[in-house]
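One-letter residues, chain by chain:
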Amino acid sequence: MKALTWQGKRHLSVEEVPDPQIQEPADAIIRVTSTAICGSDLHLYELLGPFMHKGDILGHEPVGIVEEVGSAVTSLKPGDRVVVPFNIACGQCYMCGIGLQSQCETTQNRAHGMGAALFGYTELYGSIPGGQAEYLRVPYADYGPVKIDNPDADDERYLFLSDILPTAWQAVDYANVPDRGTLAVLGLGPVGQFCTRIGKHLGYRVIGVDGIPDRRAMAERHGVATLDWGSQCAEDLRGMTGGRGPDAVIDAVGMEAHGSPGAATAQAAVGILPPPLAKAAMKTAGLDRLSALHTAIDAVRRGGTISVSGVYGGHSDPMPLMTMFDKQIQLRMGQCNVRHWIGDLLPLVEDDADPLGVGDLVTHRAPLDEAPAMYEKFQKKEDGCIKVVLKP
């Protein structure tokens with residue numbers, strides 16, 4: 001089959017690789033019909049190379065058709081159409097039982113001290129072949145995949161249930177916004193866009209912040225007030241909220257935020273180290289660009305909540321704990337527990353009125369062969385690129 005493979009920093013290629021096979025009785029093989037590039041995939045393209053291996057298959061946002069199932073699979077059959085969550089979770093352990101599928105005790109990567117395995121996402125999360133490919137092996141297929149019962153619906157109506165829509169829903173839930181409260185969203189990439197729409201859907205006043213006009217324009221189409229990113233961002237947010245600050249702030253940016261020159265230099269330095277030294281540095285150093293998170297801490301009102309959905313990777317990041325303590329800030333974060341939120345989201349996705357605007361997110365569609373060029377375009381934010389869908 002064809003698959004998008006990692007070959008080195010900023011070096012991806014589509015290669016012919018062996019087809020996936022049933023390895024365990026609970027496996028299924030999915031023929032991928034649509035698969036998206038996630039903002040967190042860009043971290044593999046740029047920063048997390050020390051934990052990648054040449055030939056690793058990327059991607060964790062697939063929709064497809066079941067081709068084959070293992071002998072223990074009872075809920076799926078060949079021909080079923082499914083969307084596959086990016087977490088690999090068993091559905092039987094304690095963590096899955098309390099709705100923390102991203103911490104699944106069956107697939108936890110204990111050798112690295114990390115949580116549940118993920119599709120297409122570094123040795124830290126299992127080096128599991130990903131979904132930017134023609135076929136995908138799906139473990140624990142009775143639990144993970146979400147069946148799509150509407151045969152006529154376009155893939156893109158359901159595709160975002162794999163990751164970014166539940167990630168945004170969890171971020172807003174974790175933000176703990178009071179009734180008719182104000183929610184600020186830092187970063188209007190795909191997750192940030194959905195955070196703003198979910199906030200509006202739930203009745204909050206929402207302010208989106210981004211430095212790119214195309215992204216602000218997309219948010220504004222959905223009734224969201226926006227601000228340009230800049231050094232006065234926190235002050236501007238306070239000015240829009242009676243001098244107090246928003247009740248809650250979502251950091252939907254993560255480790256590659258702009259405006260952190262020291263961390264950017266450190267990231268570049270790690271990028272040229274041999275892999276063993278780079279791994280050691282990333283496991284012990286503060287390498288994240290923290291401008292978005294520090295802005296959230298500055299902007300949120302006293303007693304407010306910060307919800308972090310952007311991915312961070314540093315182990316020793318400096319944090320202003322005195323300010324956080326003094327302001328009585330609540331802080332929540334974590335990998336999304338996709339399966340936990342499907343019951344809330346599936347009816348909204350299947351509503352023809354499209355209350356969350358899933359039909360207005362994709363800006364670029366391309367065949368799998370063009371994936372390397374689309375990664376570059378997405379990273380550089382060229383041509384108004386906000387969300388890319390690949391068609392294997």
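Scoring rules and cut-offs
- Residues numbered from 1 in each chain as written.
- Predicted model: local features only at pLDDT ≥ 70, side-chain atom pairs only at ≥ 80, totals over all residues.
- Heavy atoms only, no water.
- Helix = DSSP H or I, 4+ residues; strand = E, 2+ residues; numbered from the N terminus.
- Buried < 20%, exposed > 50% of the residue type's maximum accessible area, 1.4 Å probe, protein only.
- Lys, Arg positive; Asp, Glu negative; His and termini not counted.
- Salt bridge = Lys/Arg side-chain N within 4 Å of Asp/Glu carboxyl O.
- Contact = heavy atoms within 4.5 Å.
- Pairing = 2+ DSSP bridges.
- Axes fitted to C-alpha atoms, helices over the stretch in contact; angles between N-to-C directions.
- Phe/Tyr/Trp six-rings, centres within 6.5 Å; stacked < 30°, edge-to-face > 60°.
- Lys NZ or Arg CZ within 6 Å of the ring centre and 35° of its normal.
- Parallel < 35°, antiparallel > 145°, perpendicular 65-115°, else oblique.
- Left-handed = near helix turned anticlockwise from the far one by under 90°.
- Nonpolar A, V, L, I, M, F, W, Y, C, P; charged D, E, K, R; others polar.
- 1 Å grid on protein atoms, 1.4 Å probe; cavity = no way out; pocket = protein on both sides within 12 Å on 5 of 7 lines; lining within 4 Å.
- Points joined across faces, edges and corners; volume = space filled by probe spheres on them.
- Arc of directions from axis to C-beta.
- Disulfide = S-S within 2.5 Å.
- Core = buried A, V, L, I, M, F, W, Y, C linked by side-chain atoms within 4.5 Å.

**Q** Got a sec to walk through the side chain of R215? Specific residues and values, please.
**A** One can find R215 in helix α6 (residues 213-221). Despite its burial, R215 pairs with no opposite charge, the nearest such side chain being D210 at 4.2 Å. Ignoring anything within four residues of it in the chain, the contact list for R215 reads L188, G189, Q193, D210, F378, K381, C385 and I386.

**Q** Break down the sheet that holds strand β12 (residues 305-308) for me, citing the residues and quoting the values.
**A** In a beta sheet, neighbouring strands pair by backbone hydrogen bonds and run either parallel or antiparallel. In spatial order, the strands read β10-β9-β8-β11-β12-β13; together these six strands make up an open sheet with parallel pairing. Each edge of the open sheet is held by one strand with a lone partner, namely β10 (225-227) and β13 (330-333). Taken pair by pair, the neighbouring strands of this sheet meet at an average axis angle of 20°, ignoring direction. Two strands pair when backbone bridges link them, and strand β9 (residues 205-209) and β10 are joined in this way by three bridges, in the parallel orientation. Its bridge partner lying in β10, G208 is registered against T226. With respect to the sheet, helix α4 (residues 164-175) is in contact with β8 (182-186), β11 (248-251), β12 and β13, its orientation differing from that of β12 by roughly 160°. Its contacts with the sheet place helix α10 (residues 291-299) against β8, β11 and β12, and it is angled at close to 160° to β12.

**Q** Describe in detail the packing of aromatic side chains, supporting the description with residues and values.
**A** What describes a pair of aromatic rings is the distance from one ring centre to the other and the angle between the planes of the rings. Counting across every chain of the model gives three aromatic pairs. Between R332 and the ring centre of Y174, over which it is positioned, the NZ or CZ distance is 3.7 Å. Directly above the ring of Y143 sits R339, whose terminal nitrogen or CZ lies 5.8 Å from the centroid.

**Q** Explain the packing of α4 against helix α5 (residues 190-201) to me, using residue names and the numbers behind them.
**A** Running from amino to carboxyl end, α4 crosses α5 at an angle of 55°, the nearest separation of the two axes being 8 Å. Considering their axes alone, α4 and α5 lie oblique with respect to each other. Where α4 crosses over α5, the handedness of that crossing is right-handed. Of the residues in α5, those in contact with I164, L165, T167, A168, W169, A171 and V172 of α4 are P190, V191, F194, C195 and I198. Per-class residue counts for the contact of α4 with α5 are eleven nonpolar, one polar and no charged.

**Q** Summarise empty space enclosed by the protein; cite the residues concerned and give the values.
**A** Across all of its chains, the model carries three cavities of 30 Å³ or more by this definition. In this model, the largest cavity occupies a volume close to 40 Å³. Taken together, P85, N87, A89, Q101, Y143, G144, V338 and R339 make up the full set of residues lining the largest cavity. For the lining of the largest cavity, the residue count by class is four nonpolar, three polar and one charged.

**Q** Mind laying out helix α13 (residues 371-380), listing which residues take part and the relevant values?
**A** Within the span of α13, buried status applies to A371, M374, Y375 and F378. Down the axis, α13 shows its buried residues gathered within 105° of arc, on one side only. Where α13 terminates, the next one or two residues include K381, which has phi positive at roughly 55°.

**Q** For the state of the cysteines, give the residues involved together with the corresponding values.
**A** For the coordinates displayed, the defined rule picks out zero disulfides. Free of any disulfide, C96 has its nearest cysteine sulfur in C93, 3.7 Å distant. In this structure C96 comes out as buried when scored by relative accessible area, which is 6%. Residue C336 stays outside any disulfide, its sulfur separated by 10 Å from that of C195, the closest cysteine. Judged by its relative accessible area of 2%, C336 falls in the buried class.

**Q** Go over the pattern of salt bridges with me, naming the residues and quoting the values.
**A** The full count for this structure, using the stated rule, is 16 salt bridges. The partner of E61 in a salt bridge is K387, with the nearest N and O atoms 2.8 Å apart. Within this pair, whereas E61 is found in the loop between α1 (41-46) and β4 (62-69), its partner K387 is found in the loop between α13 and β15 (388-391), the two being separated by 326 residues in sequence. Both residues of the pair, E61 and K387, count as buried. Across the salt bridge formed by R238 and D298, the nearest N and O atoms sit 3.1 Å from each other. Pair noted here: R238 is in helix α7 (residues 233-239) and D298 is in helix α10, with a separation of 60 residues, a long-range link. Taking relative accessible area as the criterion, D298 reaches 39% and is therefore assigned partly exposed.

**Q** So what's going on with unusual backbone geometry? Residues and values would help.
**A** With a phi close to 55°, K381 is a non-glycine residue in the positive phi region. Checked against the element boundaries, K381 lands in the loop between α13 and β15.

**Q** For the nonpolar core, give the residues involved together with the corresponding values.
**A** Among the nonpolar cores identified, the biggest contains 73 residues, and F160, L161, L165 and I250 are the most heavily contacted of them. Discounting chain neighbours no more than four positions away, the residues touching F160 are L165, P166, F194, V358, L361, V362 and K387. In this structure, A184, L290, A296 and V300 belong to the second largest nonpolar core, which totals 19 residues.

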